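Summary of the model geometry
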Amino acid sequence: MENGPGYAGEKDEVLKRLRRVEGQVRGLQRMVEEDAYCIDVLTQVSAATKALQAVALSLLDDHLGHCVAHAAAEGGAVADEKIKEASAAIARLVRS
């Protein structure tokens, strides 16, 4: 997109959150290497999943507020395409 991604203003925050999730996943690897109790590993998998979902929802919110809003203002086929794209992204998130 010519104006940059919807998260451009929050790029540092998005990267910070993704690094935090990366650390959680590394912690999971360590837990498995150290033969941690299954339920403890599953609890941490759940926490990492929720953190990643929070990033996804934030990115979706930025996309709707920036990319889709601009396309809607433009109207026509561009707006229709962005709305379909956003709908498909929401469907993927709901199924995950």
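Structure shown above.
Scope of this entry: the structure provided in the associated data block.

What counts, and at which threshold
Residues numbered from 1 in each chain as written. Predicted model: local features only at pLDDT ≥ 70, side-chain atom pairs only at ≥ 80, totals over all residues. Heavy atoms only, no water. Helix = DSSP H or I, 4+ residues; strand = E, 2+ residues; numbered from the N terminus. Rg over C-alpha atoms; globule rule 2.2 N^0.38 Å. Buried < 20%, exposed > 50% of the residue type's maximum accessible area, 1.4 Å probe, protein only. Areas by Shrake-Rupley, 256 points an atom, 1.4 Å probe, with all protein chains shown as cover. Lys, Arg positive; Asp, Glu negative; His and termini not counted. Charge placed at Lys NZ, Arg CZ, Asp CG, Glu CD. Salt bridge = Lys/Arg side-chain N within 4 Å of Asp/Glu carboxyl O.

The next subject is the overall build of the protein chain. The helix and strand inventory of the protein chain stands at three helices and zero strands. Overall, the protein chain shows an N-to-C arrangement of helices and strands of α-α-α. Computed over the C-alpha atoms, the radius of gyration of the protein chain is 17 Å, more than 25% above the 12 Å expected from 2.2 N^0.38 for a compact globule of 96 residues. Expressed as lengths along the three principal axes of its C-alpha atoms, the size of the protein chain is roughly 55 × 30 × 15 Å. The buried share of the protein chain, taken over its 96 residues, is 21%. For the protein chain, the exposed surface amounts to about 6800 Å²; the carbon and sulfur share of it is 56%. Distance from the positive charge centre (12 side chains) to the negative charge centre (15 side chains) of the protein chain: 2 Å.

A separate point is the pattern of salt bridges. Here the idea is simple: oppositely charged side chains can pair when their charged atoms come close. One pass over the full model with this rule turns up two salt bridges. Of the charged contacts in the structure, one is a salt bridge between Arg26 and Glu22, with a shortest N-O distance of 3.0 Å. Of this pair, Arg26 and Glu22 are both found in helix H1 (residues 11–33), four residues apart, which corresponds to roughly one turn of the helix. Overall, the relative accessible area of 44% leaves Arg26 in the partly exposed class.

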